[in-house]
Amino acid sequence: MQVPFNKPYMTGKELWYISQAHASGHLAGDGQFTQKCSTWLEHRIGCKRALLTHSCTAALEIAAMLTDLQPGDEVIMPSYTFVSTANAFVLRGARPVFVDIRPDTLNIDESKIEDAITPRTKVIIPVHYAGVSCEMDTIMDIARRHNLMVVEDAAQGIMSTYKGRPLGSMGHMAALSFHETKNIISGEGGALLINDPRLVERAEMIREKGTNRSQFFRGQVDKYTWVDIGSSYLPGEIVAAFLWAQMEEAEAITKRRLDIWSNYHQWYASLERSEKLRRPTMPRECVHNAHMYYLLLPSLAHRTAFIDRLKTKGVNTVFHYIPLHSSPLGHTTGRSVGDMANTNNVGERLVRLPLWLGLEEQLADVIGEVVSAAQ
Ligand SMILES: *Cc1c(COP(=O)(O)O)cnc(C)c1O
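Now for a quick tour of the structure. For clarity, every value in this text was computed on a predicted model and none was experimentally measured.

Conventions used here
- Residues numbered from 1 in each chain as written.
- Predicted model: local features only at pLDDT ≥ 70, side-chain atom pairs only at ≥ 80, totals over all residues.
- Heavy atoms only, no water.
- Salt bridge = Lys/Arg side-chain N within 4 Å of Asp/Glu carboxyl O.
- Helix = DSSP H or I, 4+ residues; strand = E, 2+ residues; numbered from the N terminus.
- Buried < 20%, exposed > 50% of the residue type's maximum accessible area, 1.4 Å probe, protein only.
- Contact = heavy atoms within 4.5 Å.
- Pairing = 2+ DSSP bridges.
- Right-handed = clockwise from strand over helix to strand, strands pointing away.
- Axes fitted to C-alpha atoms, helices over the stretch in contact; angles between N-to-C directions.
- Left-handed = near helix turned anticlockwise from the far one by under 90°.
- Nonpolar A, V, L, I, M, F, W, Y, C, P; charged D, E, K, R; others polar.
- Lys, Arg positive; Asp, Glu negative; His and termini not counted.
- Phe/Tyr/Trp six-rings, centres within 6.5 Å; stacked < 30°, edge-to-face > 60°.
- Polar contact = N/O pair within 3.5 Å; in protein donor to acceptor, adjacent residues only side chain to side chain.

### Remarks on the pattern of salt bridges
Within the structure shown, the criterion is met by 25 salt bridges. Residue Arg202 pairs with Asp68 through a salt bridge whose shortest N-O separation is 3.4 Å. A residue pair is termed long-range when its members are at least 10 positions apart, and Arg202 in helix H7 (residues 200-207) and Asp68 in the loop between helix H3 (56-66) and strand E2 (74-78) qualify at 134 residues. On the basis of relative accessible area, Asp68 is assigned to the partly exposed category, the value being 48%.

Written out as structure tokens, the structure reads:
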């Protein structure tokens, strides 16, 4: 048996839509497929505007520009996240301020956010780990009381909800990823979702090299020119065409992922009862998208042995983030608030299992191997 950790799923329509983009002769960004994808996101998520980008990292960079950070301003985020959450803001001269995560969802611990706020704090970035929502009502309330902006890192969160609201619809802005390791993919890809209507116009300009090109195409100005800072953040139409094939199947993809997830979850229940491991915990108000199935093993040594043993059986599992506060750049650019005990602990104990469409055929064997490796 050889089971890769990830295998990008194709719906079968990708090449057909790419051939349509090719035939149309419009290959740059913002053609018909980009339009379809952004309209789909706007309806699905209920955001004011969805702008496709070439990655979630790019969407976070635009978001960072839109927050008008000054060098030395502070941005509160978990340390247990991907580097781009921090990097996008560090590029603007901001200082990441790391807060510990909750032991249940592994999301930022909302009860520790206020301790991290200083007069220089400008932004909070909740990262919805594994597509499970952060405690958004509390976070939005803190932000309102302290006059802070909220940028949701919803890279893993498409099709998930919190109290019935889609992830990405609650902060001032949010970023999605369509990287091939995510649920809905285009190889590399992402989107910036804007909920605060005051930010829409400027977001369009930053994404279009700092020009008012979008206004020009809508006939709002009679020539387009350089009006702001910015860069080129658009995906071309070939990528958008691929993405459209995936969006059309988003419900079916999510359902199939959830089936695999639930299977894993049921089969590991008795291992949790005998304290061999801990399974993911889902707050009642969160509906998730089965982005990830992870296990928390008793220690780093257990995890290393578990990954090695499964590897010899042909099952590829991986650990996740090295906490940013203990990384070289996290040290020099950021600071942590509190002891980061949960972050350090999870950084050593978490292991991710394969979860991709097509795994169904080998699932029983994979589960069997996981169960014996966890004994
Ligand atoms: C995947 C991911 C990103 C980066 O996404 P890209 O599209 O690869 O730039 C950012 N944040 C989190 C939490 C992610 O999981």
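Next comes the rest of the description.
### Overview of the environment of Met149
Checked against the element boundaries, Met149 lands in strand E5 (residues 149-153). Judged by relative accessible area, Met149 falls into the buried class, the value being 16%. In this structure the C-alpha to C-alpha distance between Met149 and Ala58, which are 91 residues apart in sequence, comes to 18 Å. Other than its neighbours up to four places away in sequence, Met149 contacts Leu66, Thr67, Lys122, Val123, Ile124, His172, Met173 and Leu199.

### Quick look at the pairing of strand E1 (residues 49-53)
Of all five residues that make up E1, four are buried, and the element is covered over most of its length. As paired strands, E1 and strand E9 (residues 190-194) are joined by five bridges and run antiparallel to one another. What sits directly across from Thr53, in E9, is Gly190.

### Some remarks on the pairing of E2
In terms of burial, E2 is a largely internal element, five of the five residues being buried. Here E2 shows no split at all, with Glu74, Ile76 and Pro78 on one side and Val75 and Met77 on the other all buried. Two elements, E2 and strand E3 (residues 95-99), share five bridges in a ladder whose sense is parallel. The partner of Met77 across the bridge, within E3, is Phe98. In this fold, the crossover linking E2 to E3 by way of helix H4 (residues 83-90) has right-handed handedness.

### Topic: the packing of H3 against H4
One can describe the packing of H3 onto H4 by two numbers: an axis separation of 8 Å at closest approach and a directional angle of 35°. Handedness of the crossing formed by H3 with H4: right-handed. Counted together, Thr57, Leu60, Glu61 and Ala64 of H3 and Ser84, Thr85, Ala88 and Phe89 of H4 form the full contact between these two elements. Of the residues assigned to the contact of H3 with H4, the class counts are four nonpolar, three polar and one charged.

### Thoughts on the side chain of Glu369
Structurally, Glu369 can be placed in helix H15 (residues 363-374). Although Glu369 is buried, it forms no salt bridge, and the closest oppositely charged side chain is Arg309 at an N-O distance of 4.2 Å. Not counting residues up to four positions away in its chain, the partners in contact with Glu369 are Met1, Arg309, Leu310, Lys313 and Val315.

### Thoughts on the packing of aromatic side chains
Going through the model one piece at a time under the given rule, you end up with 11 aromatic pairs. Their ring planes at 45° and their centres at 6.0 Å tell us that Tyr129 and Tyr294 sit as a pair that is tilted. Taken as a pair, Tyr129 in the loop between strand E4 (121-124) and helix H6 (136-146) and Tyr294 in strand E11 (residues 293-296) lie far apart in primary sequence, 165 residues in all. Judged by its relative accessible area of 3%, Tyr294 is buried. Here a set of aromatic residues connected by ring pairs shows up, and it is made of Tyr80, Tyr129, Tyr294 and Tyr321.

### Observations concerning the environment of Glu360
Checked against the element boundaries, Glu360 lands in the loop between strand E13 (350-353) and H15. Residue Glu360 is classed as partly exposed on the basis of its relative accessible area, which comes to 32%. Residues Glu360 and Ser24, 336 residues apart in the sequence, show an inter-C-alpha distance of 38 Å. Setting aside residues up to four positions removed in sequence, Glu360 forms contacts with Arg256 and Ile260. Within polar-contact distance, the side chain of Glu360 engages the backbone nitrogen of Gly358 at 2.7 Å.

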